[in-house]
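Structural overview for review
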Amino acid sequence: MKSKSAALLMVSGILSCWGLPACLSTPAEMDSRPLGDDGPGTPPPDLRPDVIAVSVLGPTGALPVKGDMLELTLAVQNLGAGSGTVTLRPLLTSARFNDFVDVSLEPITFTLGGRETREVSLSVEPIVIDAAKGKHFALNRGDYDLSGVIVDVAGEPLSVDTDFLGAAFTIAPSDVVFSAVVYDASYFERIGYDGTPETYMREAFDRATEVFTPESPGSSEGTYTAFDGFDDMMGVRQIFHAVGGLAASSAGGGFCEQVGAHARAVFGLTRDWDIDEANGNFTDPDHHGFDLLVGLTPEMGGGATCGWLGVQVSGQFGSDRSLDRSQLVVVHETGHLFGAPHCDPLQGYVMCGGEQHPHYVDDKIFVWHQVSLDVMQNRWR
Ligand SMILES: [Zn+2]
């Protein structure tokens, strides 16, 4: 609210005054309304929406947690006697993330009767794209402010209402991890995959998975525990948001760096994607709320993870461009981001030649070794 101009705040104050019966018939105040294109002396428009209060909750009516669809409710009062169509566009500002100021949410259009007070609501996906800004955002945990509501009434210039109750809210932590993905469309063409990139990623991390726990360290005897995928194994729930146009090549420099630069361009970040490993917080405040970054390109043989950047790049094997093997690479590289090194000299597990395990060969199960799991963690809570 501090960022708004004094003029706008003054307007809001006057509108609030109009809400009181004592103010309603005070011509001097009505004439002093500084917004509007009707000149001095002409009556003010009679459709005057005033946002009184807002509330932000999760989908079940509880306080929101990371990954939730937000349910916004706005109480709007018409201070005028006329009725008509109103469009409100809420603006969202994050206290935790940089360059996350007055991000425009979807508009809400409705009719408002003379002197009517009503509630209108809006569902907000956890991934927000502000097309006008050319920027993409994820609603990570932290403190937020509904920093304003753009009010659009036909025939009137736009105004911004910043004076209402309930603007501040908090999104609590959860097991959700926001995985940003940038991709080269030919990655999918070469596999022959025709679903969406998000579906591809979801399927990769929901693959039938097992963890092998040896009877004693290094033993080949042990037990297998089944999971419904990587996310189930790690106790996380990744939300993927994918944008194309990646054109990385081996001639273009480091693949991780090319992926990080492309992420800057398509998500509208203020710098190339990298992380500050030293601060122990792997969700960088400059990443618009996204936690980790994945690049998909057929130009790279195999894959690579750059821990100092928080970026993994998954390519393909020319000898095996199958869906199974390509998804095994994706999961392997994200395994690195979760902290797992290679498990060589063991062989046959996701972090050390997972394609060799009999359970993969026979049933395409992704088998992890317990030594990998022991050092992996969700770093993005
Ligand atoms: Zn590796």
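Residues numbered from 1 in each chain as written. Predicted model: local features only at pLDDT ≥ 70, side-chain atom pairs only at ≥ 80, totals over all residues. Heavy atoms only, no water.

Going by an unreviewed UniProt entry, the protein chain carries the name CARDB domain-containing protein and comes from Chondromyces crocatus.

Time to look at the packing of aromatic side chains. Under the criterion given, the structure shown has 18 aromatic pairs. Consider the rings of Phe-100 and Tyr-144, whose centres lie 5.7 Å apart with planes at 70 degrees: the pair is edge-to-face. With a gap of 44 residues between them, Phe-100 in the loop between β3 (84-94) and β4 (103-104) and Tyr-144 in strand β9 (residues 142-153) connect regions that are remote in the sequence. In terms of burial, Phe-100 and Tyr-144 fall into one category: buried. Both rings, one in Phe-188 and one in Tyr-193, keep their centres 6.0 Å apart while their planes meet at 40 degrees; by these two values the pair is tilted. Put simply, the rings of Phe-205, Phe-230, Phe-240, Phe-338, Trp-368 and Trp-380 pair up and form one aromatic cluster. Above the face of the Phe-317 ring, Arg-325 is positioned so that its terminal group lies 4.1 Å from the ring centre. (Phe/Tyr/Trp six-rings, centres within 6.5 Å; stacked < 30°, edge-to-face > 60°. Helix = DSSP H or I, 4+ residues; strand = E, 2+ residues; numbered from the N terminus. Buried < 20%, exposed > 50% of the residue type's maximum accessible area, 1.4 Å probe, protein only. Lys NZ or Arg CZ within 6 Å of the ring centre and 35° of its normal.)

Before going further, it helps to spend a moment on the packing of helix α5 (residues 197-205) against helix α8 (residues 323-337). Contact geometry of α5 with α8 gives a least axis separation of 9 Å together with a crossing angle of 80 degrees. With respect to their mutual orientation, α5 and α8 come out roughly perpendicular. Here Tyr-200, Met-201, Glu-203, Ala-204 and Phe-205 of α5 come into contact with α8, specifically with Leu-323, Ser-326, Gln-327, Val-330, Val-331 and Thr-334. Split by residue class, the contact of α5 with α8 holds seven nonpolar, three polar and one charged. (Axes fitted to C-alpha atoms, helices over the stretch in contact; angles between N-to-C directions. Parallel < 35°, antiparallel > 145°, perpendicular 65-115°, else oblique. Contact = heavy atoms within 4.5 Å. Nonpolar A, V, L, I, M, F, W, Y, C, P; charged D, E, K, R; others polar.)

Once that is clear, we can look at the nonpolar core. Counting 68 residues, the largest nonpolar core has Tyr-200, Met-201, Phe-230, Phe-267, Leu-296, Trp-368 and Met-376 as the members making the most contacts within it. The greatest single-element share of this core, amounting to seven residues, is contributed by strand β12 (residues 176-183). Ignoring any residue separated from it by four or fewer positions in sequence, one finds Trp-368 in contact with Thr-209, Glu-210, Val-211, Phe-212, Phe-230, Met-233, Val-331, Gly-335, Tyr-349, Val-350, Met-351 and Met-376. Counting 33 residues, the second-largest nonpolar core is a separate cluster that includes Val-76, Val-103, Phe-164 and Ile-171. (Core = buried A, V, L, I, M, F, W, Y, C linked by side-chain atoms within 4.5 Å.)

So, about α5. Among the residues of α5, those classed as buried are Pro-197, Tyr-200, Met-201, Ala-204 and Phe-205. Projected onto a plane normal to the axis of α5, the buried residues spread over an arc of 120 degrees and lie on a single side. (Arc of directions from axis to C-beta.)

Looking at the element boundaries, Thr-87 is found in strand β3. Given a relative accessible area of 19%, Thr-87 falls into the buried group.

Per the stated rule, a full pass over the model turns up two disulfides. Each sulfur in the disulfide pair Cys-256 and Cys-306 lies 2.0 Å from the other. Taking the sign of the S-S torsion, 90 degrees for the link of Cys-256 and Cys-306, the bridge is right-handed. One end of the pair, Cys-256, is in helix α7 (residues 255-267); the other, Cys-306, is in strand β17 (residues 303-306), with 50 residues separating them in the sequence. Between the sulfur atoms of Cys-343 and its disulfide mate Cys-352 the distance is 2.0 Å. Around the S-S axis, the bridge from Cys-343 to Cys-352 shows a dihedral of about -90 degrees and counts as left-handed. According to the relative accessible area criterion, Cys-343 is buried, its value standing at 6%. For Cys-352, a relative accessible area of 2% translates into the label buried. (Disulfide = S-S within 2.5 Å.)

The next subject is α8. Taking 1.5 Å as the rise per residue, α8 with 15 residues should run 21 Å; its terminal C-alpha atoms sit 22 Å apart, in good agreement. The element α8 is extensively covered by neighbouring structure, given that 14 of its 15 residues are classed as buried. In the segment just after α8, Gly-339 is the residue with positive phi, at about 110 degrees. (Expected span 1.5 Å × (residues − 1).)

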